[in-house]
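So you can see what is in the structure, the chains are spelled out below.
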Amino acid sequence: MKLLITSAESRKCFDIFNILNPKLKNIYLCSNLGILKRSLLSLIYFRKVFKTDKILQLIKTKELDIKIFPVEEVDIEKVYSLDIHSATLLADENAFNTMVNKKRLFEHATQNNVPCPKTLEESELRSNFISGSVVVKPARGMGSEGVRFFDDYTDATSYINSLHDSADMLVQELIGKNNVIAGCFLFDGGNLVSFYGHERLRTYPKTGGVTVCSVSHSDKRIMELGQQLLEPLKWSGLVMVEFMWSDLISDYQLIEVNPRAWGSIMLSEKCSSNMLMSYVDLIFGNSVEKSFGQESSYIKWLVPYDIINLCTGDVPISDYTYKNSKDTCLINISYANLLRSGLFHVFQFIQVSKIIKKFFPK
């Protein structure tokens, strides 16, 4: 079994590699970074990191017989563009595009009776109105990038009108201040193969930031809503669907979908869902059994975010004591040896542009 994992520079790839490495003999890695950074990554992983475009082209021309685990959306889109679907397990391209475009996503959700907040695109702003607080977000975006919160609709529309790329923005009613609860799924041709969920407990910064701490759950309503959303698309592959509880309608409402590996995917292993290995087996055409994750497993992002929280007193030291370690995994630390983890953290910190973007957003 030869498996290529893409985007070796990403935190997700690092965790996926460390989980799968003891289980698979032949794991290949690739990245589209320059030769210097790929050389540094090769030292971290103790194996060559190939140029993504070149190795995918070899797969297309059948000069290399290897299966693909595409990590990022850009990797998935390259698989589509090169028409090498047979080397991996992915949803239909139209289904994928429906999930990544929030306007199309909420239209699809409404058609399939999945509750979602009222959402307007730029062309609808003058003829419609949303009462109360709202959130402005890109029709397609990654995480919290480009997301802004406003107390009223008028301020939000004024902000959108001031943007150069205003046509790409959406205004959405704010559901509330409850925790984000996600359903994490593996499907094969519209059939559910594996499920677990996680609830966001802490972010950095406190509002609108990246998830720093989550706990696993097995909420059946979340699973049902995810199936309602994804089964009609005959979805194949990994996907995370985010919801928030609405006190107004007494049900969950859809927030967004990540049709790829997610940042906390390590939790899938900690909660014993067996999702990653099941996905690999499906890629290779092997049969798999349905699996469901356990509750009350935790994932935390210690470096750098919770270190900052610990220093500022926002997180008690007791949160990281030995007694709490049994059911907890740490992003880019657990499942890796200390040397590899340390080197990878150094690599992340030398990527200055990423640090500036995280800590000093526009």
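This section reports on the structure supplied with the text. What you see as residue numbers is a count from 1 along each chain, following the sequence as written. The model is predicted, so local features are restricted to residues of pLDDT at least 70 and side-chain atom pairs to those at 80 or more, both for listing and for counting; the totals for chains, interfaces and linings are taken over all residues. Where side-chain values are given, they derive from all heavy atoms of the structure, hydrogens and water being excluded.

**Here's the deal with the pairing of strand E6 (residues 134–138)**
So, step 1. Among the 5 residues in E6, 5 count as buried, and that is most of the element.
So, step 2. Of the two faces of E6, both are covered, the one formed by Val134, Val136 and Pro138 as well as the one formed by Val135 and Lys137.
So, step 3. Any two strands with at least two DSSP-identified bridges between them are counted as paired. Strands are runs of DSSP state E lasting at least two residues, helices are runs of H or I lasting at least four, and both sets are numbered from the N terminus onward. Here 3 bridges tie E6 to strand E7 (residues 148–150), and the two strands are oriented antiparallel to one another. By the bridge assignment, valine 136 is partnered in E7 with arginine 148.
So, step 4. In this structure, E6 lies alongside strand E8 (residues 169–173), joined through 5 bridges in antiparallel fashion. From the neighbouring strand, valine 134 faces E8, where its bridge partner is glutamate 173. Working definition: with a 1.4 Å probe on protein chains only, accessible area under 20% of the residue-type maximum means buried, over 50% means exposed, and in between means partly exposed.

**So, the nonpolar core**
As a rule of thumb, nonpolar side chains are buried together in soluble globular proteins.
So, step 1. Joining through side-chain atoms within 4.5 Å is the link that ties buried Ala, Val, Leu, Ile, Met, Phe, Trp, Tyr and Cys residues into a set, and such a set is a nonpolar core. Grouped together as the largest cluster of nonpolar side chains are 92 residues, with contacts concentrated most on Ile5, Leu20, Tyr45, Phe69, Leu229 and Leu254.
So, step 2. When residues of this core are assigned to their parent elements, the largest contribution, 7 residues, is made by helix H10 (residues 275–283).
So, step 3. Once you skip the residues sitting within four places of it in the chain, leucine 20 turns out to touch Leu3, Ile5, Ile27, Phe69, Leu276, Met277 and Val280.
So, step 4. Counting 12 residues, the second largest nonpolar core, distinct from the first, contains Ile130, Phe150, Tyr153 and Val171. Whether two residues are in contact is decided by their heavy atoms: any pair within 4.5 Å suffices.

**Overview of the side chain of aspartate 281**
So, step 1. Tracing the chain through its elements places aspartate 281 in helix H10.
So, step 2. The charge count treats Lys and Arg as positive and Asp and Glu as negative. His and the chain ends do not count. Think of a salt bridge as a Lys or Arg side-chain nitrogen and an Asp or Glu carboxyl oxygen that are within 4 Å of each other. Although aspartate 281 is buried, it forms no salt bridge, and the closest oppositely charged side chain is lysine 23 at an N-O distance of 9.1 Å.

**Considerations on the packing of aromatic side chains**
So, step 1. Paired rings are identified among Phe, Tyr and Trp, the last through its six-membered ring, by centres lying within 6.5 Å, and are further divided according to the angle between planes into stacked (under 30 degrees), edge-to-face (over 60) and tilted (the rest). The full count for this structure, using the stated rule, is 15 aromatic pairs.
So, step 2. Aromatic pair phenylalanine 17 and tyrosine 45: ring centres 5.0 Å apart, planes at 85°, arrangement edge-to-face. Highlighted residues: phenylalanine 17 in helix H1 (residues 11–20) and tyrosine 45 in helix H2 (residues 35–45), separated in sequence by 28 residues.
So, step 3. On the basis of relative accessible area, phenylalanine 17 is assigned to the buried category, the value being 0%.
So, step 4. Given the relative accessible area of 0%, tyrosine 45 is considered buried.
So, step 5. Here the aromatic rings of tyrosine 204 and tyrosine 305 are separated by 5.4 Å at their centres, their planes lie at 35°, and the arrangement is tilted. Linking tyrosine 204 in strand E10 (residues 191–204) with tyrosine 305 in helix H11 (residues 302–312), this pair joins segments that are 101 residues apart in sequence.

**Remarks on the packing of H2 against helix H12 (residues 338–349)**
So, step 1. Angles shown run from 0 to 180 degrees and are taken between the N-to-C directions of axes, each axis being a line fitted to C-alpha atoms and, for helices, limited to the stretch in contact. Their axes nearest at 9 Å, the elements H2 and H12 cross at an angle of 160°. As summarised for this structure, H2 and H12 are arranged roughly antiparallel, according to the angle between their axes. The interaxial crossing formed by H2 with H12 has left-handed handedness. Across the interface between the two elements, Lys37, Leu40, Leu41, Ile44 and Tyr45 from H2 touch Arg340, Leu343, Phe344 and Phe347 from H12.
So, step 2. Under the scheme applied here, ten amino acids are nonpolar (Ala, Val, Leu, Ile, Met, Phe, Trp, Tyr, Cys and Pro), four are charged (Asp, Glu, Lys and Arg), and all others, including Gly, are polar. Residue classes in the contact of H2 with H12 are distributed as 7 nonpolar, no polar and 2 charged. Note that the term roughly parallel is reserved for angles under 35 degrees, roughly antiparallel for angles over 145, roughly perpendicular for angles of 65 to 115, and oblique for everything else. By definition, any crossing whose near helix is turned counterclockwise from its far helix by less than a right angle is left-handed, and any crossing with a clockwise turn is right-handed.

**Section: the sheet that holds strand E5 (residues 119–121)**
So, step 1. An order of E5-E8-E6-E7 is seen for the 4 strands of this open sheet, with the pairing classed as antiparallel. Lying at the two open borders of the sheet, with one neighbouring strand each, are E5 and E7. Put simply, the sheet's adjacent strands are angled 25° from each other on average, direction ignored.
So, step 2. Here E5 runs beside E8; their pairing, made up of 3 bridges, is antiparallel. Across the sheet, residue threonine 119 finds its bridge partner in E8, namely glutamine 172.
So, step 3. The sheet contacts of helix H7 (residues 153–161) involve E5, E6, E7 and E8, and relative to E6 the element is tilted by about 20°.

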